[in-house]
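Here's the letter readout for the chains.
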Amino acid sequence: MPKVTFKNSNASFYQSVKKAVDAYFKTENLKKTGNWKLYLKAAISIPAAIGIYLFLLLGHYNWIPGVLVAAFFGLTLVYIAFNVMHDACHNSFSEKKWVNNMMGMTMNALGSDAFIWKIKHNIVHHTYTNIDRVDDDIANGPLLRECTTQKWMPIHRFQFLYMFVLYGVSTLSWVAGTDFIRYFRKKIHNTPINKINVEQHFIFWSSKLLYIFFYVFLPIHLLGWLPWLIGFLIVHFTMGLTLSVVFQLAHIVEKTTFDVAGEAPKQIDTEWAIHEIRTTSNFAPGNKIVSWFVGGLNYQVEHHLFPQISHVHYMALSKIVREQCALFGLPYNYYPSTGQALYSHVRLMKKLGRRN
Ligand SMILES: [Zn+2]
């Protein structure tokens, strides 16, 4: 596994921004974890997903309403992933560990595995963001070249177009492939998974079996295999495309930087927090509808500095983080709208698709 360390700066940016953020929570007398707004989101979206699932299974639809309900189900699952699962897996949903663990299990209900995802996301991605050969989020197979240090192939010329199809099948690949590969190889890209205990083995296998029962066996039994297949693919395509695009807009845009780790130990020339600032970007700041839907993940800069703080606070923290970046002469990457961030992502992927 490539060994990567960060430089410890004396004039620590992280110390300063953390102090300012802590002062905000103290002055406002707020907890860093979720609030009633987040709990309301969970209390509505989880029963809504179950309701739409039953609606899909027990109703008989013509193909247009059927497609629309399946897509809506996919979007509801994505909403849960952004708003509930992501906070819970970072332990920021609640102060109570058991609540976070329970809500984190929504990841299993979506087809993946909370234990594996926490290592992939919280440790590998959040620590080694945009470091090629370590960050699993930029290791999406040979068909996608997401930074200049990845091998170029002629087909990459068209990646800015076909990437959307690959994004669309990304959650299907968790369910059918990558989770099992990680589980059996005990590795997330090049980072080993130290130990999987008996409880985690049990949760992994029972979740996969329950997934097959509820998402495959039962719908085929009630609807027939063709309506199930069409619905299943639509649900996954909606989920995969939305999740991937939102995560890509945070790191794979023109304003962010990339690094690479080799066989020799690598030291990043900044402290970790500055590395996060440079490799992360926000989009559509101030857009309450976007923030509501993506669970504050349009404020990825704040999320990457403070993943243990619930997303419900990011909009308020953005002013502090922005001021601190200016104080330290650091960039505060953002795109004013989702469209501009998406356009930047497409442009970057097009550029990376050219031979260089
Ligand atoms: Zn995160």
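Residues numbered from 1 in each chain as written. Predicted model: local features only at pLDDT ≥ 70, side-chain atom pairs only at ≥ 80, totals over all residues. Heavy atoms only, no water.

Trainee: How would you summarise helix H6 (residues 114-127) if you had to cite specific residues and measurements?
Mentor: Compared with an ideal rise of 1.5 Å per residue, which puts 14 residues at 20 Å, H6 spans 18 Å between its outermost C-alpha atoms and is within 8% of the ideal. Residues of H6 that are buried include every one of Ala114, Ile116, Trp117, Ile119, Lys120, His121, Val124, His125 and His126, and no others. Put simply, Asp113 is the residue that caps the front of H6, since its side-chain oxygen is 3.2 Å from the backbone nitrogen of Phe115. (Helix = DSSP H or I, 4+ residues; strand = E, 2+ residues; numbered from the N terminus. Expected span 1.5 Å × (residues − 1). Buried < 20%, exposed > 50% of the residue type's maximum accessible area, 1.4 Å probe, protein only. Polar contact = N/O pair within 3.5 Å; in protein donor to acceptor, adjacent residues only side chain to side chain.)

Trainee: Lay out the coordination of the zinc ion in plain terms, naming residues and giving numbers.
Mentor: Taken together, His86 (NE2), His90 (NE2), His121 (NE2), His126 (NE2) and His303 (NE2) make up the protein donors of the zinc ion, found 2.0 to 2.3 Å from the metal. Sequence spacing of the donor residues for the zinc ion, all on one chain, is H-x3-H-x30-H-x4-H-x176-H. Taken together, the residues span a long stretch of sequence, with His126 in helix H6 and His303 in helix H13 (residues 300-305) at a distance of 177 residues. Accessibility classification places His126 together with His303 in one group, the buried group. (Donors = N, O, S within 2.8 Å, 3.2 Å for Na, K, Ca; no water.)

Trainee: If you had to explain the pattern of salt bridges to someone new, which residues and values would you point to?
Mentor: Tallying each qualifying case throughout the model produces seven salt bridges. The residue Arg347 makes a salt bridge to Glu254 at a minimum N-O spacing of 2.7 Å. Taken together, the positions of Arg347 in helix H15 (residues 338-352) and Glu254 in the loop between helix H10 (225-251) and strand S5 (259-260) put the pair 93 residues apart, joining distant regions of the chain. Linked by salt bridges that have partners in common, Lys18, Asp22 and Lys32 make up one network. (Salt bridge = Lys/Arg side-chain N within 4 Å of Asp/Glu carboxyl O.)

Trainee: Pulling in residues and values, what's your account of unusual backbone geometry?
Mentor: Here Asn130, not a glycine, exhibits a phi torsion of approximately 60 degrees, which is positive. Structurally, Asn130 can be placed in the loop between H6 and strand S2 (131-132). Given the relative accessible area of 0%, Asn130 is considered buried.

Trainee: How would you summarise the nonpolar core if you had to cite specific residues and measurements?
Mentor: If you look at the biggest cluster of nonpolar residues, it comprises 62 residues, and the most contacted ones within it are Phe73, Leu77, Phe82, Phe93, Phe283 and Met349. Considering every element that reaches this core, the biggest residue donor is helix H3 (residues 63-89), with 12 residues. Each residue touching Phe73, except ones within four places of it in the same chain, is listed here: Ala49, Ile52, Tyr53, Leu56, Tyr215 and Val235. Judged by nonpolar contacts, the second largest core, of 20 residues, contains Phe13, Tyr24, Phe25 and Ala273. (Core = buried A, V, L, I, M, F, W, Y, C linked by side-chain atoms within 4.5 Å. Contact = heavy atoms within 4.5 Å.)

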